[in-house]
Amino acid sequence: MQRKLEKDWDLTIGPDTVRIFIEKAKAISAGVNEDYADGQDHEVEFDGDVRDNHHHDGLAEEETENLIEEELRELINDLNVDEAAELVALAWIGRGDYEAAEWSEAVTAARERGNRRTAKYLMGMPMLGDWLEEGLEAIGA
């Protein structure tokens, strides 16, 4: 059970801003088809009259996912050094790398890792939205 801090943190990045990142990250994750995560081949069945009845909107869905991903990447890239470090620290706390009581240590470690590839690093986390959300809850923000 994670214990909540009594405002032993001071966020430069607003919790509402983090919640926007959470929504976008979850939207990106929702677009990933988890059926294929196991690496198994899957058969596609056709009903015979495919030419006239098949309407595929996959390209539109893919375009929307790419736009959300690009928007999230740009938002992360627009953060200053302190905000980016706090966002990484929140993800680490949510993932369980740090406890909420270790907030300042997590932020320091995140700041030390640098800011040049923060968007790529965070976007590479498969459960980024969940971890950010859990991180905010853990610190009581």
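Structure: see above.
First, a word on scope: everything that follows refers to the structure included in this document. (Residues numbered from 1 in each chain as written. Predicted model: local features only at pLDDT ≥ 70, side-chain atom pairs only at ≥ 80, totals over all residues. Heavy atoms only, no water.)

**Examining the overall build of the protein**
Reasoning step 1: Scanning the protein from terminus to terminus reveals 7 helices and 0 strands.
Reasoning step 2: When the helices and strands of the protein are placed in sequence order, the string is α-α-α-α-α-α-α.
Reasoning step 3: Counting every position in the protein, which comprises 141 residues, the buried fraction comes to 30%.
Reasoning step 4: Long-range pairs, those at least 24 residues apart, make up 81% of the contacts in the protein with a sequence separation of at least 6.
Reasoning step 5: Accessible surface for the protein amounts to roughly 9600 Å². Of this, 45% is attributable to carbon and sulfur atoms. (Helix = DSSP H or I, 4+ residues; strand = E, 2+ residues; numbered from the N terminus. Buried < 20%, exposed > 50% of the residue type's maximum accessible area, 1.4 Å probe, protein only. Contact = heavy atoms within 4.5 Å. Areas by Shrake-Rupley, 256 points an atom, 1.4 Å probe, with all protein chains shown as cover.)

**Brief notes about the packing of aromatic side chains**
Reasoning step 1: In the structure shown here, the tally under the stated rule is 2 aromatic pairs.
Reasoning step 2: Ring plane angle 85 degrees and centroid distance 6.5 Å describe the contact between Trp92 and Tyr121, whose orientation is recorded as edge-to-face. A residue pair is termed long-range when its members are at least 10 positions apart, and Trp92 in helix α4 (residues 81-95) and Tyr121 in helix α6 (residues 118-123) qualify at 29 residues.
Reasoning step 3: Given the relative accessible area of 26%, Tyr121 is considered partly exposed.
Reasoning step 4: Ring pairing ties together the aromatic residues Trp92, Tyr98 and Tyr121, which thus form one cluster.
Reasoning step 5: Lying across the ring of Trp131, Arg95 places its NZ or CZ 5.5 Å from the centre.
Reasoning step 6: Just above the ring of Tyr121 sits the side chain of Arg113; from NZ or CZ to the centre is 4.0 Å. (Phe/Tyr/Trp six-rings, centres within 6.5 Å; stacked < 30°, edge-to-face > 60°. Lys NZ or Arg CZ within 6 Å of the ring centre and 35° of its normal.)

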